[in-house]
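# Architecture at a glance
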Amino acid sequence: LSSEPTNKQAKKERGMAVTSQPLRGRRACKKIFWAVFPHACFILSLVIYAFLGALMFSHIEGNRKVNLSEEYRHFLQNLWDISRNLSDNMTENEEVFKEEIHALLHTAKRDWFVNPKDIWTFFGSLFFCCTVFTTVGYGNTYPVTRAGKYLCMLYALFGIPLMFLVLTDMGDILATVLSKSYNEFRKLQSKILASKFCPGSTCIRGDGSKVDVNEPLSIVEMLRSQSAVRKKPAQYRNAQIFEMLIARENEYKKLSRSKSIERWSSCPELDRGKTMTRVIENFDRIGKELEKLDVPIVLMVLVIFVYISCAAAILPNWETRLDFQEAFYFCFITLTTIGFGDTQLEHPKFFLFFSLYIIIGMEIVFIAFKLGQDRLIGLYKKVISFCGEKKVPAKKIYPK
């Protein structure tokens, strides 16, 4: 008789375990969805904005009527006069011809010789929109009509902040990947060095004390081992370690607070409110990982070189006029948003599939510039602190 209640209880526990597994899977999927939602929202907004701009500019600029002005007729007349006045002996007035034809060609406009429907196709307009909100601006495609110019200014006014928001969000993901990869590499390097120089489980420090390799470091030792702390003068180390300890303690408090909130997850209203709070916190954390990134700038330069070299090897496959060096130059000018416009693409619709490459590449270059800026600020701080620590010689006062 006593075994019957135990069997019932065991069946009940098994049933609860079976029913709890789908709930856990549903909660995990829901958590992943709301974690990915802000990033997908930004990218989807940029894609929709680019497609709407392409439809708008292809309709306005592609359907414009080309009216041959009096200036164009005057250009043709001058060209005819110059060619008619040429003598059979070309060497006599070759310099005069060059000067006249150069002066005349400077007055020519590109719109006189181009059909708008050939330039402002949907893919051509989409390529133009990408050059607008990425601030590259090659200059080979531009609006001619007054309505197109006004709409271009309005389009850039909203598109550029949206693009910077996507870059900042992608920068957080990229900074997290770079930080974790670099930290794992440093851990692997330290393990290899420890196994090489310390065959046993203990190592001897410089002061003669023994350290257990398998024993984890304390938080103070871990913070002192970081390059950002070791490079600073002695009077600033303790202050920064103290600030890092406080920040770590605040993170633990946030984790314990979130665990206490999870106890109320059985209530759907509280669970929904907690999910919305978590999504809002994801939006608030945009750009935080990028600020905490600390990797060597030489590593970022190497990443940029490899990244551009890969594109420079692929791009000549459909842009046959470009070799590896020209493609490398074009990718560098594009990713740094310089955009001279001296190198033009014959097939911009193929390059549009490379738009994700441009966004990630611009983010890598932006991270490298930010790291370089931080290094320069640190250098200026060291110079100013060095100059401030130098003793200023006292002026000698002579009696009158």
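Residues numbered from 1 in each chain as written. Predicted model: local features only at pLDDT ≥ 70, side-chain atom pairs only at ≥ 80, totals over all residues. Heavy atoms only, no water.

By the naming in an unreviewed UniProt entry, the chain is Potassium channel domain-containing protein, taken from Bambusicola thoracicus. Turning to the chain, the UniProt annotation filed under Subcellular location (unreviewed entry) states: "Membrane". Database annotation for the chain, UniProt heading Sequence similarities (unreviewed entry): "Belongs to the two pore domain potassium channel (TC 1.A.1.8) family." (UniProt positions renumbered as here; feature names shortened; annotations may be inferred.)

## A closer look at the overall build of the chain
A tally of regular secondary structure across the chain gives 15 helices and two strands. Residue burial in the chain is summarised as follows: out of 400 residues, 27% are buried. Contacts in the chain between residues at least 24 apart in sequence constitute 69% of all its contacts with a sequence separation of at least 6. Total accessible area on the chain is roughly 28,400 Å²; 63% of this is exposed by carbon and sulfur atoms. (Helix = DSSP H or I, 4+ residues; strand = E, 2+ residues; numbered from the N terminus. Buried < 20%, exposed > 50% of the residue type's maximum accessible area, 1.4 Å probe, protein only. Contact = heavy atoms within 4.5 Å. Areas by Shrake-Rupley, 256 points an atom, 1.4 Å probe, with all protein chains shown as cover.)

## Digging into unusual backbone geometry
For T135, which is not glycine, the phi torsion reads 60° and is therefore positive. Mapped onto the fold, T135 is located in the loop between α5 (122–133) and α6 (146–197). Here T337, not a glycine, exhibits a phi torsion of approximately 55°, which is positive. Residue position: T337 is located in the loop between α13 (324–335) and α14 (348–352).

## A look at a nonpolar patch on the surface
On the surface, L376, L379, Y380, V383 and I384 cluster together into a nonpolar patch covering about 540 Å² of accessible area. Within the fold, L379 resides in helix α15 (residues 355–389). (Patch = residues over 30% accessible without salt bridge, like charges linked within 9 Å, V, L, I, M, F, W, Y side chains within 5 Å. Salt bridge = Lys/Arg side-chain N within 4 Å of Asp/Glu carboxyl O.)

## Overview of the packing of helix α12 (residues 297–314) against α15
If you want to describe how two helices pack, look at the angle between their axes and the distance between the axes. Two elements in contact, α12 and α15, have axes separated by 10 Å at closest approach and are oriented at 160°. Between α12 and α15, the angle falls in the class roughly antiparallel. The two elements α12 and α15 cross, and the hand of that crossing is left-handed. Counted together, I297, M300, V303, I304, Y307, I308 and A311 of α12 and L356, Y357, I360, G361, I364, V365, I367, A368, L371, G372 and R375 of α15 form the full contact between these two elements. For the contact of α12 with α15, the per-class residue count stands at 15 nonpolar, two polar and one charged. (Axes fitted to C-alpha atoms, helices over the stretch in contact; angles between N-to-C directions. Parallel < 35°, antiparallel > 145°, perpendicular 65-115°, else oblique. Left-handed = near helix turned anticlockwise from the far one by under 90°. Nonpolar A, V, L, I, M, F, W, Y, C, P; charged D, E, K, R; others polar.)

## Quick notes on the pattern of salt bridges
Side chains bearing opposite charge may pair, as long as their charged atoms lie close to each other. Counted by the stated rule, this structure contains two salt bridges. Note that E61 is salt-bridged to R64, the shortest N-O span being 3.7 Å. In this structure E61 comes out as buried when scored by relative accessible area, which is 0%. A salt bridge links D374 to K370; the shortest N-O distance between them is 3.4 Å. With D374 and K370 both in helix α15 and four residues apart, this pair spans about one turn of that helix.

## Description of empty space enclosed by the protein
Gaps left between atoms show up when a probe the size of a water molecule is rolled over them. A complete count under the given rule lists five cavities of 30 Å³ or more for this structure. By volume, the largest cavity is sized at about 60 Å³. If you go around the largest cavity, the residues you meet are R64, R110, D111, V114, P116, I119, W120, T141, Y142 and V144. Considering only residue class, the lining of the largest cavity consists of six nonpolar, one polar and three charged. (1 Å grid on protein atoms, 1.4 Å probe; cavity = no way out; pocket = protein on both sides within 12 Å on 5 of 7 lines; lining within 4 Å. Points joined across faces, edges and corners; volume = space filled by probe spheres on them.)

## Side note on the nonpolar core
Looking at soluble globular proteins, one finds that nonpolar side chains tend to be buried together. Judged by nonpolar contacts, the single largest core of 53 residues is most densely connected at F133, Y155, M300, L335 and Y357. When residues in this core are grouped by element, the largest group, eleven residues, is from α6. Filtering out sequence-adjacent residues up to four positions away, L335 remains in contact with Y307, I308, Y357, I358, G361, M362 and V365. Membership of the second largest hydrophobic core comes to five residues, among which are Y72, F75, I82 and L104. (Core = buried A, V, L, I, M, F, W, Y, C linked by side-chain atoms within 4.5 Å.)

## Examining the state of the cysteines
Inspection of every chain in the model, using the stated rule, returns zero disulfides. No disulfide involves C152; its sulfur sits 8.4 Å from that of C129, the nearest cysteine. (Disulfide = S-S within 2.5 Å.)

## Digging into the confidence of the model for the chain
On average, residues of the chain carry a pLDDT of 75, and 65% of them reach 70 or more. Least confident of the elements in the chain is helix α8 (residues 227–230), whose mean pLDDT is 52; most confident is α13, at 92. Here residues 260–266 is modelled with pLDDT under 50, and outside its nearest four sequence neighbours on either side it reaches six contacts, counting other chains as well. (pLDDT = per-residue confidence, 0-100.)

## Some details on the packing of aromatic side chains
On inspection of all chains with the given rule, the structure shows twelve aromatic pairs. Ring geometry for Y49 against Y155: centres 4.4 Å apart, planes inclined by 10°, an arrangement best described as stacked. With Y49 in helix α1 (residues 3–62) and Y155 in helix α6, the pair connects residues that are 106 residues apart, well separated along the chain. Aromatic pair F51 and F122: ring centres 5.6 Å apart, planes at 45°, arrangement tilted. With F51 in helix α1 and F122 in helix α5, this residue pair connects regions lying 71 residues apart in the sequence. (Phe/Tyr/Trp six-rings, centres within 6.5 Å; stacked < 30°, edge-to-face > 60°.)

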